[in-house]
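Okay, here's what each chain looks like letter by letter:
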Amino acid sequence: MLPDTPGVHGSTVDVEPLGEDEAEDLLRGICFKTGPPRTVGVELEWLIHDREDPGTAVSPERLRACADAVRAVPLDASLTFEPGGQLELSSRPADSLMACIDATAADLAAVRDTLGSAGLVPAGLGVDPWHSPRRLLKEPRYAAMEAALDRSGTAGRAMMCTSASVQVCLDAGEEEPGPLGYGRRWQLGHLLGAVLVAAFANSPFRQGRRTGWRSTRQALWAALDPARSLAPTSLLAPRDAWAAHVLDTPVMCIRNDDGPWAVPEGLSLRDWIRGGGPRPVVRADLDYHITTLFPPVRPRGHLELRMIDAQSGTDGWLVPLAATTAMFDDPEAAETVYRTVKPLAETAGPAAAPRNPLWTAAARDGLGNPELASAAAACFAAALEALPRLGASDHVQNTVAAFTDRYVARGRCPADDLPDPAPWQQAAGPQHGRSPRR
């Protein structure tokens, strides 16, 4: 989702126009900042439901009061609210997996307490199973975003207002080749990403009905826009591929300090730089344009893994964070996982993720797909072996192991356990559990 990044949503200042070569150089310089993997971050999105009656939409007035109350809570993470009222916590980059988990768990406990005092709960589901999209935030950027995405159908509004995720943020990797090299990690993200979609699929319903997808959220992302949610071409080196993708994807909107934002159709950033827009491109326009691209793996200096559905329960979020970090950052696990998922490239074929057969199967079938189930079993086994080497606590190891036993070992995903929305509405209540021991 669109972050509130300093310098991105501010005034359009009068600065030197950005040239095409300069833009390409900037993109190559900022997309992959290499070095030994060290830092870990997580972005958690949550739907906000009434604790006693989750099938009834929370009123805008109540959501605004809730937002004000949560904003008053001292948090280590950044706090934002999405267009439909979803709450997002974005952790600081942490020096270890456990530092990230500990800080995030403390923030979540404070947020849950604040929401609970208002009779609300954060719901960990990839897509709201009951409610239709309604945009609560009225800023010009969201009006422009809605208008742009509406051109491709209804998926854009559903994504903006009814979806939630766990986004894992890891360092890009080393410059040199090898298990922790940035080129390997870039490729790994687009193959392992499908396994993560399948293993953590948690959104089989939308507007009270079963959709036919284990991850309806991923299906929405795939249907979002002809180019905006695609991965860059795999035919180029990562830096070249991302630079070309950013420049050749149509701009979503052109910011305007004095009125509604323009929503051009078919104007790529490259064409705008070459004089096709209403004014010259400046650096802030490039920065903002990057935030409107939603590929499964987004390089922003680090790698932002965006494909995982939000997870239910107090500790559900830490499983994808811990398992994914172990699969990427432990050298032994990374080598095992890479060898495991490399054959999946044949199933994926030449089409870019998430619109290829591998990612479609992951979203539709979850771990009911035998090829993905086999890969997941090997990848989670490698992660479980790696977690002690990364300093994971017993509680974190046991939580990941319990998820593996309940789902991965049985070829199942969380979506397979969710009851139909109608009876669920009557039975749903707050989920209790212990936060990770620190």
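Residues numbered from 1 in each chain as written. Predicted model: local features only at pLDDT ≥ 70, side-chain atom pairs only at ≥ 80, totals over all residues. Heavy atoms only, no water.

Draft legend 1. Quick look at the packing of aromatic side chains. Scanning all chains against the criterion turns up 8 aromatic pairs. Ring geometry for Phe200 versus Phe380: centroids 5.8 Å apart, planes at 50 degrees, classification tilted. Of this pair, Phe200 sits in the loop between α6 (182–199) and β6 (205–206) while Phe380 is found in helix α15 (residues 370–386), placing the two residues 180 residues apart along the sequence. Phe380 matches Phe200 in its accessibility class, with the two residues each being buried. One aromatic cluster is present, formed by Phe200, Phe380, Phe403 and Tyr407 through successive ring pairs. Looking at Arg112, its charged tip hangs above the ring of Trp46, at a distance of 5.1 Å from the centre. Lying across the ring of Tyr182, Arg239 places its NZ or CZ 4.5 Å from the centre. (Phe/Tyr/Trp six-rings, centres within 6.5 Å; stacked < 30°, edge-to-face > 60°. Helix = DSSP H or I, 4+ residues; strand = E, 2+ residues; numbered from the N terminus. Buried < 20%, exposed > 50% of the residue type's maximum accessible area, 1.4 Å probe, protein only. Lys NZ or Arg CZ within 6 Å of the ring centre and 35° of its normal.)

Draft legend 2. Spatial organisation of the packing of helix α11 (residues 318–329) against helix α16 (residues 394–406). Two elements in contact, α11 and α16, have axes whose closest approach is 9 Å; the angle formed by their N-to-C orientations is 100 degrees. The orientation of α11 relative to α16 falls into the category roughly perpendicular. From α11, Leu318, Val319, Ala322 and Ala323 reach across to α16, where they touch Val396, Thr399, Val400 and Phe403. A per-class count over the contact of α11 with α16 returns 7 nonpolar, 1 polar and no charged. (Axes fitted to C-alpha atoms, helices over the stretch in contact; angles between N-to-C directions. Parallel < 35°, antiparallel > 145°, perpendicular 65-115°, else oblique. Contact = heavy atoms within 4.5 Å. Nonpolar A, V, L, I, M, F, W, Y, C, P; charged D, E, K, R; others polar.)

Draft legend 3. Quick peek at the pattern of salt bridges. Under the criterion given, the structure shown has 33 salt bridges. Across the salt bridge formed by Arg389 and Glu332, the nearest N and O atoms sit 3.8 Å from each other. Of this pair, Arg389 sits in the loop between α15 and α16 while Glu332 sits in helix α12 (residues 331–341), placing them 57 residues apart in sequence. Close ionic contact of Glu335 with Arg339 constitutes a salt bridge, the shortest N to O distance being 2.8 Å. Within this pair, Glu335 and its partner Arg339 are both found in helix α12, separated by 4 residues, close to a single helical turn. (Salt bridge = Lys/Arg side-chain N within 4 Å of Asp/Glu carboxyl O.)

Draft legend 4. Geometry of unusual backbone geometry. Residues Ala353 and Pro354 are joined by a peptide bond in cis, for which omega reads 0 degrees. Inspection of the secondary structure assignment puts Pro354 in the loop between α13 (344–348) and α14 (357–365). In the Ramachandran plot, Gln207 falls in the positive-phi region, its phi being about 50 degrees despite a non-glycine side chain.

Draft legend 5. Representation of helix α8 (residues 238–248) in the model. With respect to burial, α8 is a largely interior element, 8 of its 11 residues being buried. Listed in full, the buried residues belonging to α8 are Pro238, Arg239, Ala241, Trp242, Ala243, His245, Val246 and Leu247. The elements touched by buried residues of α8 are α1 (20–31), α6, α9 (269–276), α10 (283–291) and β8 (297–300).

Draft legend 6. Region of interest: the pairing of strand β1 (residues 40–50). The buried count for β1 comes to 11 of 11 residues, which makes it a mostly enclosed element. Burial along β1 is two-sided: Val40, Val42, Leu44, Trp46, Ile48 and Asp50 and Gly41, Glu43, Glu45, Leu47 and His49, pointing in opposite directions, are all buried. The pairing of β1 with strand β5 (residues 165–171) spans 5 bridges and is antiparallel. If you follow Val40 over to β5, its bridge partner there is Leu170. Examined bridge by bridge, β1 and strand β3 (residues 87–90) share 4 bridges and lie antiparallel to one another. Looking across to β3, one finds that Leu44 is bridged to Leu89. (Pairing = 2+ DSSP bridges.)

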